[in-house]
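Listed below, chain by chain, are the residues.
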Number of protein chains: 2
Amino acid sequence: MSTKLADSADKSAPGGSQTLLRGLDVLDVIAKGPVDVARLAAALGLSKSTAYRLASTLVERRFLVFTPREGYSLGPKLMQLGYAARNQTALVRVAEPHLMQLSSVTEDTVHLAMLDQRKVLYLNIIPGQRRIVISSRIGERQPLTSTGLGKALILNRSEKEWEQFYIEEGSKHRSQQSFAAWLKRMKDYRRQGITLDLEENEANIRCVAAPVLNEGGDIIAAISVTGHAQNMTDDRMRSLSEDVLHTAQAISADLGYSGG
Amino acid sequence: MSTKLADSADKSAPGGSQTLLRGLDVLDVIAKGPVDVARLAAALGLSKSTAYRLASTLVERRFLVFTPREGYSLGPKLMQLGYAARNQTALVRVAEPHLMQLSSVTEDTVHLAMLDQRKVLYLNIIPGQRRIVISSRIGERQPLTSTGLGKALILNRSEKEWEQFYIEEGSKHRSQQSFAAWLKRMKDYRRQGITLDLEENEANIRCVAAPVLNEGGDIIAAISVTGHAQNMTDDRMRSLSEDVLHTAQAISADLGYSGG
DNA sequence: ATTTCGATTTCACAATATAGAACGATTTCG
DNA sequence: CGAAATCGTTCTATATTGTGAAATCGAAAT
């Protein structure tokens, strides 16, 4: 289990470039919403002139845009790079045809997501034939323990880790189910290799999800089929489970996984 | 005379933070494809150790990911910020309901795009009811002079500018039409307030587009309806033109434009 | 016209980034 | 199987670069 994790949350900058780090911090601050120079400086704990210079540099490169009345906001360069980042992921390219097929077979919305810092990060969304209001977007991040995708992404973790995740997101559980009940379901899911979301994250929305494995057998992503509760009867979900599981396994196989 | 002061011919001098700029340059290099430290250093004209430190800092913040065999590639943080950047744009939020409606009326794919560095940058895509293979993605960038959206985005420019754009993208014109013919059409489009793409950018794909104006009357975006050539008869395109124009005007109005 | 607020610029100082060389761990090749 | 090459990583002295405080500029607001 010895993985070399650079887990230090050290702010004193060993091995890191301070100026670059501060510039990236600027992006994080502005991602929360537009701010002017003074507030930016305050949020970073820097002088106004330093904050200004960093922000100006980012504007020059179109990572930020400056609006006279409002302040700085995120710029188009980030959309461009976000798109490029997504396309560089081998997973996305490999999975796409499988997702298309799954979507056309089920006629429902199909998602691909990965784990990113204890959140579900959407990588791809194939809208279904039925016209659903899709509230999820590529690049968006959702909670782990109350979504089908999230539960699939942590399906092979220990019960200790499950508990940590669950506690962290305590506020996200609308149905106020106890951890014991949640744990019991997770164990069922683990046995079956698929997970469900029974309107836990969003009312009236249900989904079936399954993990995707890399050649080493690690869970690196998850896929799901999502639909309105009215279409998602128990029978249909059972049948969907098979489709989802098969597709997930097909993607895993394309990624080099050859386990049972 | 201070001898070491910024010589004006130097590109790195004014207003910018060098280290941050170099860090951002790293992202640009890696956006073209994964590279290892040595190649990165070469591409930037920096020493290996400097390139390494910049890249490591970016990895620490998840702007990059490092893969032992391949080198550095763009990280999930960029997807996250790309998503946030898109959502911060007032235009996207204002336009969305209008686009949804246009899509459901026309049953075809609807696009929203803005001008970004002489390219068409896609901001939103509403897939139509008809199942088209959508090759366009949010964050992607396409040429200006051969797409409906692109032509709409430069509809109010001078003929001199048009010529510049056209020459710049000379290689993009598949149908080898002369500039004179293109110019003539642009003038027609300007008169009508809408633009067309008659399979100029992609075979078998046609679209109708119109510009979106801000309160000052500047073109800040464009919308379009796209479909297979077989569905896009001259009659239908005439009728679509009206829908597209109305929607574009409605969005412009929501943005504060109140001109004729 | 006056005030106020925020965005820029200036400047002397010292903190920080820099390159190059050395190291260590792989992988490639003979 | 051993030698050489390759690639990532660490170290350190040097000066380039970033830094904050205060001054300046510009544009709204009063």
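Up top is the structure these notes are about.
How each quantity is defined
- Every chain is numbered independently, its residues counted from 1 as its sequence is written.
- Chains and ligands are labelled sequentially in the order written, the chains with letters from A and the ligands with numbers from 1.
- For a predicted model such as this one, the threshold for reporting local features is a pLDDT of at least 70, and the threshold for listing and counting side-chain atom pairs is 80 or more; totals across whole chains, interfaces and linings nevertheless cover every residue.
- To obtain the side-chain values, all non-hydrogen atoms of the structure were used and water was disregarded.
- Strands here are runs of E lasting at least two residues and helices are runs of H or I lasting at least four, both read from the DSSP assignment and numbered beginning at the N terminus.
- Exposure categories follow from relative accessible area, calculated using a 1.4 Å probe and restricted to protein chains: below 20% of the type maximum is buried, above 50% is exposed, and the middle band is partly exposed.
- Contacts are assigned to residue pairs with any non-hydrogen atoms lying within 4.5 Å of each other.
- Strands were regarded as paired on the criterion that DSSP finds at least two bridges between them.
- For any pair of parts, buried area is found by adding up, for both, the accessible area (1.4 Å probe) each one loses once the two are put together.
- In what follows, salt bridge is the name for a side-chain nitrogen of Lys or Arg lying within 4 Å of a carboxyl oxygen of Asp or Glu.
- Identification of polar contacts relies on pairs of N or O atoms within 3.5 Å, with a donor-acceptor requirement for protein atoms, meaning one able to donate a hydrogen and the other able to accept it, and with residues adjacent in sequence counted only if both atoms are side-chain atoms.
- Residues are grouped as follows: nonpolar covers Ala, Val, Leu, Ile, Met, Phe, Trp, Tyr, Cys and Pro; charged covers Asp, Glu, Lys and Arg; every other residue, Gly included, is treated as polar.
- Only buried Ala, Val, Leu, Ile, Met, Phe, Trp, Tyr and Cys residues count toward a nonpolar core, and they belong to the same one when joined by side-chain atoms within 4.5 Å.
- Every axis corresponds to a line fitted to the C-alpha atoms, with the helix fit spanning only the stretch in contact, and the corresponding angles, defined between N-to-C directions, vary from 0 to 180 degrees.
- Reported orientations rely on four angle classes, namely roughly parallel under 35 degrees, roughly antiparallel over 145, roughly perpendicular from 65 to 115, and oblique for the rest.
- Two helices crossing with the near one rotated counterclockwise from the far one by less than a right angle form a left-handed crossing, whereas a clockwise rotation gives a right-handed crossing.
- Our superposition of the copies is a least-squares fit, built on the C-alpha atoms of residues whose pLDDT is at least 70 in both.
- Two rings from Phe, Tyr or Trp (for Trp, the six-membered ring) form a pair when their centres are within 6.5 Å of each other. A pair whose planes differ by under 30 degrees is stacked, one over 60 is edge-to-face, and the rest are tilted.
- The nearness test applies per residue and asks whether one of its heavy atoms lies within 4 Å of the molecule or strand.

S.K.: Could you give an account of the overall build of chain A, with specific residues and numbers?
M.R.: In terms of helices and strands, chain A carries 9 helices and 8 strands. C-alpha extents for chain A along the principal axes are approximately 65 × 45 × 40 Å. Buried residues in chain A amount to 51% of all 260 residues. Summarising the internal contacts of chain A: among those between residues at least 6 apart in sequence, 54% fall at separations of at least 24.

S.K.: Break down the sheet that holds strand 5 (residues 141-142) of chain A for me, citing the residues and quoting the values.
M.R.: Residue and element names in this part refer to chain A. Read across the open sheet, the 6 strands follow the order 5-4-3-8-7-6; overall the sheet is antiparallel. One side of each edge strand has no neighbouring strand; the edge strands of this open sheet are strand 5 and strand 6 (195-198). Two elements, strand 7 (residues 205-213) and strand 8 (residues 219-228), share 9 bridges in a ladder whose sense is antiparallel. Residue pairing across strands places P211 opposite A222, the latter belonging to strand 8.

S.K.: Give a description of the interface of chain A and chain B that names residues and reports values.
M.R.: Each partner contributes to the interface: chain A provides 57 residues, whereas chain B provides 57 residues. Counting the surface lost from both chain A and chain B, the interface buries some 5100 Å², and carbon and sulfur atoms represent 59% of this. At the surface where chain A touches chain B, the tally comes to 8 salt bridges. Of the charged contacts in the structure, one is a salt bridge between E96 of chain A and R137 of chain B, with a shortest N-O distance of 2.4 Å. Across the contact surface, chain A and chain B share 22 residue pairs in polar contact (both at pLDDT 80 or more). Of all elements in the fold, only helix 1 (18-31), helix 3 (48-60), strand 2 (71-74), helix 4 (76-88), helix 5 (90-106) and strand 4 (120-126) of chain A reach the threshold of two or more residues within the side of chain A that touches chain B. Split by residue class, the side of chain A that touches chain B holds 22 nonpolar, 20 polar and 15 charged.

S.K.: An account of the nonpolar core is requested, with residue identities and associated values reported.
M.R.: Across soluble globular proteins, nonpolar side chains have a tendency to be buried as a group. Membership of the largest hydrophobic core comes to 141 residues, with the highest contact counts inside it found for L27 of chain A together with L27 of chain B. Look past the residues within four positions of L27 of chain A in its chain and what remains in contact with it is L58, F63, L64, L74 and L78 of chain A together with F63 and L81 of chain B.

S.K.: With reference to specific residues and values, describe the packing of helix 7 (residues 159-168) of chain A against helix 8 (residues 179-192) of chain A.
M.R.: All names here are of chain A. Viewed as axis vectors pointing N to C, helix 7 and helix 8 meet at an angle of 130°, and their least axial separation amounts to 11 Å. With respect to their mutual orientation, helix 7 and helix 8 come out oblique. Of the two possible hands of crossing, helix 7 and helix 8 adopt the one that is right-handed. Note on element contacts: helix 8 touches helix 7 through F179, W182, L183, M186, K187 and R190, opposite E159, W162, E163 and Y166. Of the residues that constitute the contact of helix 7 with helix 8, the class distribution is 6 nonpolar, no polar and 4 charged.

S.K.: Before we move on, could you go through the relation of the copies chain A and chain B and cite the residues and values that matter?
M.R.: Take chain A, turn it by 180°, move it 0.0 Å along the axis, and it overlays chain B with an RMSD of 0.1 Å. Considering both components of the superposition, the chain copies are consistent with a two-fold axis. A shared binding surface is used by both copies, with 96% of the interface residues of chain A retained as interface residues in chain B.

S.K.: How would you explain the packing of aromatic side chains if you had to name every residue and give the values?
M.R.: The description of two aromatic rings rests on the distance between their centres and on the angle between their planes. All names here are of chain A. This model, assessed by the stated rule, comprises 10 aromatic pairs over all chains. When the ring of Y166 is compared with that of W182, the centres are 4.9 Å apart and the planes differ by 50°; the resulting orientation is tilted. Linking Y166 in helix 7 with W182 in helix 8, this pair joins segments that are 16 residues apart in sequence. Residue Y166 shares its accessibility class with W182, and that shared class is buried. An aromatic cluster is built from W162, Y166, F179 and W182, whose rings are joined through pairwise contacts.

S.K.: Summarise the protein's contact with DNA strand D; cite the residues concerned and give the values.
M.R.: As a structural note, the neighbourhood of DNA strand D is formed by 20 residues, with R22, S47, T50 and R53 of chain A together with Q18 of chain B the closest of them. Here the atoms of DNA strand D within 4 Å of the protein split so that 77% fall in sugar or phosphate, with bases taking the remainder. Measuring from a phosphate oxygen of DNA strand D, one finds a side-chain N or O atom of R22 of chain A at 2.5 Å. A distance of 2.7 Å separates a base nitrogen of DNA strand D from a polar atom in the side chain of S49 of chain A. Grouping the amino acids of the surface near DNA strand D by side-chain chemistry returns 6 nonpolar, 8 polar and 6 charged.

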